[in-house]
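So you can see what is in the structure, the chains are spelled out below.
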Amino acid sequence: MFQIQRTDKKGHTEQEPDVTQATVPEGYPVLRQNRVLIEGAALEYLTFPLLEQTGIVKHLFTTRLGGVSGGEFSAMNLSADRGDMPENVLENYRRIARVLGVSPEDMAASHQTHTTNIRRMTAADKGKGIVRPRDYSDIDGMVTDEPGLVLVTFYADCVPLYFVDPIHHAIGLAHSGWRGTVGRMGECMVRAMEEQFGTRPEELYAAIGPSICRDCYEVSEDVAEQFIDMLGEQVALPGKAPGKYQLDLWLANELILRQSGLLPGHIAVTDICTCHNSGYLFSHRASGGKRGSLAAFLGLRA
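Quick summary incoming for the structure in this document. (Residues numbered from 1 in each chain as written. Predicted model: local features only at pLDDT ≥ 70, side-chain atom pairs only at ≥ 80, totals over all residues. Heavy atoms only, no water.)

## Structural notes on the overall build of the protein chain
So, step 1. Secondary structure assignment for the protein chain yields 7 helices and 15 strands.
So, step 2. In terms of overall dimensions, the protein chain has C-alpha extents of about 50 × 45 × 40 Å along its principal axes.
So, step 3. Taken over 302 residues, the protein chain has a buried fraction of 57%.
So, step 4. Looking at the protein chain alone, contacts between residues at least 24 apart form 67% of all its contacts between residues at least 6 apart.
So, step 5. A total accessible area of about 12000 Å² is found for the protein chain, and carbon and sulfur atoms account for 46% of it. (Helix = DSSP H or I, 4+ residues; strand = E, 2+ residues; numbered from the N terminus. Buried < 20%, exposed > 50% of the residue type's maximum accessible area, 1.4 Å probe, protein only. Contact = heavy atoms within 4.5 Å. Areas by Shrake-Rupley, 256 points an atom, 1.4 Å probe, with all protein chains shown as cover.)

Printed below as a string of structure tokens:
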């Protein structure tokens, strides 16, 4: 398999809280690499053992490997909005669908505009944004309790947030860039699942997926100040140049989830940076915007 460069999270400063490690099956990393052969191509994808052990979901996070797209979209591009050939994108969805044991018609995609808007998805939404047009817009988070419906969100440095409620058999999937994170998208998702399904935060399992790490994510002072005011200095450390800061979206989202009532042992936090691994994962920052899109998939088992 492709050798992933994992990011050491021990660089957190002493004033940060003592974050309990996620509860994952013994001997497994927070994220597991998987490989299957489809049409002669090695398709690699990532999964969270923490979510797998709930026993009620199928999920994955894509890599660049195993698709049919070419050029800057090579090879597993899941975005139809960046100039890739539509037939290639659809074939890529077919391949991911085979891994999940579903069809593209069972999937429903977000329409991401860096909001904290959340939509409850039903069986009537199947295929939207994948094989037929959406009739909604400005949706960065989705929740459902519909078995067989697979939620899909898109990434190239922003943070994927997965949620599984094994008690009420409900799930959520959200896209959280810096705007979504400062808007506390994780908390918004928890509250949406409380309202829609009766979910209790302490019953939830959550995963923070591959995205840009602190070392790679330099932001301006005005952005950093919003995070520092909300979560403390540990989430935005002084950068290499005056007025610049290194923003830790992984820690910020973890703290928001903990403040929302999730148990520390119910949260899996990635150690894989999209920017450090831009040959394996699409990264907007590393590519200067010339890239395809990764996707997160999450569905309740039928």
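## Here we look at helix H2 (residues 86-100)
So, step 1. Under the 1.5 Å per step criterion, the end-to-end length of H2 is 21 Å for 15 residues, consistent within 8% with the ideal 21 Å.
So, step 2. Turning to H2, its buried residues are Asn 88, Val 89, Asn 92, Tyr 93, Arg 95, Ile 96, Ala 97 and Leu 100.
So, step 3. Buried residues belonging to H2 abut strand S1 (32-38), strand S2 (41-47), strand S3 (57-62), strand S4 (107-109), strand S7 (150-155) and strand S15 (294-300).
So, step 4. Residue Gly 101 follows H2 closely and has a positive phi angle near 75°. (Expected span 1.5 Å × (residues − 1).)

## A short note on the sheet that holds S2
So, step 1. The 6 strands are arranged S1-S2-S3-S15-S7-S4 in an open sheet whose pairing can be described as mixed. Looking at strand neighbours, the two that pair on one side only are S1 and S4, the edges of this open sheet. On average, each strand axis in the sheet is inclined to that of its neighbour by 30°, with strand direction left out of account.
So, step 2. With 7 bridges joining them, S1 and S2 adopt antiparallel strand pairing. The residue of S2 that forms the bridge with Asn 34 is Tyr 45.
So, step 3. With respect to the sheet, H2 is in contact with S1, S2, S3, S4, S7 and S15, its orientation differing from that of S3 by roughly 140°. (Pairing = 2+ DSSP bridges. Axes fitted to C-alpha atoms, helices over the stretch in contact; angles between N-to-C directions.)

## Quick notes on the packing of helix H5 (residues 221-231) against helix H6 (residues 249-259)
So, step 1. Between H5 and H6, the shortest axis-to-axis distance is 11 Å and the interhelical angle comes to 35°. Seen from above, H5 lies across H6 with left-handed handedness. Residue-level inspection shows Phe 227, Met 230 and Leu 231 of H5 in contact with H6, the latter providing Leu 249, Ala 252, Leu 255, Ile 256 and Gln 259.
So, step 2. Its residues assigned to classes, the contact of H5 with H6 shows 7 nonpolar, 1 polar and no charged. (Left-handed = near helix turned anticlockwise from the far one by under 90°. Nonpolar A, V, L, I, M, F, W, Y, C, P; charged D, E, K, R; others polar.)

## So, the side chain of Glu 44
So, step 1. Of note, Glu 44 is situated in strand S2.
So, step 2. On the accessibility criterion, Glu 44 (1% relative accessible area) is buried.
So, step 3. A polar atom in the side chain of Glu 44 sits 3.4 Å from the side chain of Gln 33.
So, step 4. Separated by 2.7 Å, the side chains of Glu 44 and Tyr 280 make a polar contact. (Polar contact = N/O pair within 3.5 Å; in protein donor to acceptor, adjacent residues only side chain to side chain.)

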